[in-house]
Amino acid sequence: MSVERHIAGMLQQIARQQDIVEIAPQGSTPKAAALAHMAEQYGYTYGMAYRTGFKNSLVQVRMYRDPQPEARVREAATISAHPQAGNGGSVPGLERGSLKPLPEAVGAVAVLKDLVTFDVMAQYVADRSQKVKGYLACAVLTVLLLIDRSPVEAVASGGAVALLFTVAFKVGAIRRGKIAQRLTDAGFVAVRDEQGGQRFLRPGQQLPGHSNPFAA
């Protein structure tokens, strides 16, 4: 999908003043962050992100309409400054015809990229049950290999796969920890959602609810 279609599709949702706007550029966290920043200029705020679609090829970002008065002021200013957005005109925070952030928006987009990445990685950072399943699969593989290979080869192959699992789990946890530190340094607050997963919110922001998800 072209940049223009991504932007026009999101602006159509915004024009209807939907409480929730969905952003789903195929497979690209930087593109999702850039579009999320643009949506923020129209009075929305980041809610959550996850992977979906065929082979998890889509990064789906959910933006919520911010009920705070300053959000409506920001929205009105953006509409006034970019009257042709979605029709080939300029859009807030991004270079024309591109999802590359303008210099003044680079920092804000980087923070949103961290938020998106942190939430998306929650699907891949293994908890205790995932680790048990992974290592159990390695044990099953070893048993199956014993059928037509020597015990040494079977154990070596199963052990190599288990080592790959261990490295993947560790690398994912380390990377997510670094992102969490950057978000903390940027002033975000760590909270737990209803499923016990860690999330990061701006001060005064609450987890999404049914009516006023971001009321102070």
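Structure's up top.
First, a word on scope: everything that follows refers to the structure included in this document.

Analysis parameters
Residues numbered from 1 in each chain as written. Predicted model: local features only at pLDDT ≥ 70, side-chain atom pairs only at ≥ 80, totals over all residues. Heavy atoms only, no water. Phe/Tyr/Trp six-rings, centres within 6.5 Å; stacked < 30°, edge-to-face > 60°. Helix = DSSP H or I, 4+ residues; strand = E, 2+ residues; numbered from the N terminus. Buried < 20%, exposed > 50% of the residue type's maximum accessible area, 1.4 Å probe, protein only. Lys NZ or Arg CZ within 6 Å of the ring centre and 35° of its normal. Pairing = 2+ DSSP bridges. Axes fitted to C-alpha atoms, helices over the stretch in contact; angles between N-to-C directions. Contact = heavy atoms within 4.5 Å. Core = buried A, V, L, I, M, F, W, Y, C linked by side-chain atoms within 4.5 Å. 1 Å grid on protein atoms, 1.4 Å probe; cavity = no way out; pocket = protein on both sides within 12 Å on 5 of 7 lines; lining within 4 Å. Points joined across faces, edges and corners; volume = space filled by probe spheres on them. Nonpolar A, V, L, I, M, F, W, Y, C, P; charged D, E, K, R; others polar. Expected span 1.5 Å × (residues − 1). Polar contact = N/O pair within 3.5 Å; in protein donor to acceptor, adjacent residues only side chain to side chain.

Thoughts on the packing of aromatic side chains
Item 1. Inspection of every chain in the model, using the stated rule, returns one aromatic pair.
Item 2. Considering the side-chain rings of Phe118 and Phe200, the 5.1 Å spacing of their centres and the 85 degrees angle between planes classify their relative orientation as edge-to-face. Residue Phe118 is found in helix α4 (residues 106-121), and its partner Phe200 is found in strand β5 (residues 198-201); the two are separated by 82 residues along the sequence. In this structure, Phe118 and Phe200 share a single accessibility class: buried.
Item 3. Sitting over the ring of Phe118, Arg176 keeps its end group 3.7 Å from the ring centre.

Regarding the sheet that holds strand β1 (residues 20-23)
Item 1. Ordered by their spatial adjacency, three strands build an open sheet running β1-β3-β2, and the pairing between neighbours is antiparallel. Because the sheet does not close on itself, it has two edges, and the strands there are β1 and β2 (44-52). Between one strand axis and the next, the sheet turns through 20 degrees on average, direction left out of account.
Item 2. As paired strands, β2 and strand β3 (residues 58-65) are joined by eight bridges and run antiparallel to one another. In the strand pairing of β3, Thr52 is matched with Leu58.
Item 3. Contacting β1, β2 and β3, helix α2 (residues 29-41) runs over the sheet at an angle of about 15 degrees to β3.

Quick notes on the nonpolar core
Item 1. Residues Met10, Ile14, Ile23, Met38, Tyr46, Val61 and Met63 are the most contacted members of the largest nonpolar core, which totals 37 residues.
Item 2. Taken together, the elements giving at least two residues each to this core come down to α1 (3-15), β1, α2, β2, β3, α4 and α6 (151-185).

Quick word on empty space enclosed by the protein
Item 1. Tallied over the full model, the rule gives one cavity of 30 Å³ or more.
Item 2. The space that makes up the largest cavity amounts to roughly 40 Å³.
Item 3. Taken together, Tyr46, Gly47, Leu115, Phe188, Arg199, Phe200, Leu201, Arg202 and Gln205 make up the lining of the largest cavity.
Item 4. Of all the elements in the fold, those that place two or more residues in the lining of the largest cavity are β2 and β5.
Item 5. It is β5 that contributes the most residues to the lining of the largest cavity, three residues altogether.
Item 6. Tallied by class, the residues present in the lining of the largest cavity amount to five nonpolar, two polar and two charged.

Some remarks on α2
Item 1. For α2, which comprises 13 residues, the first-to-last C-alpha distance of 19 Å matches the rise-based estimate of 18 Å (1.5 Å per residue) to within 8%.
Item 2. For α2, a buried count of eleven out of 13 residues is recorded, marking the element as mostly surrounded by other parts of the structure.
Item 3. Residues Thr29, Ala32, Ala33, Ala34, Leu35, Ala36, His37, Met38, Ala39, Glu40 and Gln41 constitute the buried set of α2.
Item 4. Check the buried side of α2 and you find it contacts α1, β1, β2, β3, α3 (69-81) and α4.
Item 5. Measuring from the side-chain oxygen of the N-cap residue of α2 to the backbone nitrogen of Lys31 gives 3.2 Å; that N-cap residue is Ser28.
Item 6. A positive backbone phi angle near 90 degrees is found at Gly43, which sits one or two residues after α2.

With respect to the environment of Arg199
Item 1. Relative to the helices and strands, Arg199 resides in strand β5.
Item 2. Each C-alpha atom, one on Arg199 and one on Ala122, is 9.5 Å from the other, the two residues being 77 residues apart in sequence.
Item 3. Every residue in contact with Arg199, bar those within four places of it in the chain, is listed here: Gly47, Met48, Asp119, Val189, Ala190, Val191, Asp193 and Leu207.
Item 4. Side chain to side chain, Arg199 and Asp119 meet in a polar contact 3.3 Å long.

Some details on the side chain of Asp114
Item 1. Looking at the secondary structure, you find Asp114 in helix α4.
Item 2. The exposure class assigned to Asp114 is buried, which follows from its relative accessible area of 12%.
Item 3. In this view, Asp114 contacts Ile179, Arg182 and Leu183; residues no more than four positions away in its chain are not counted.

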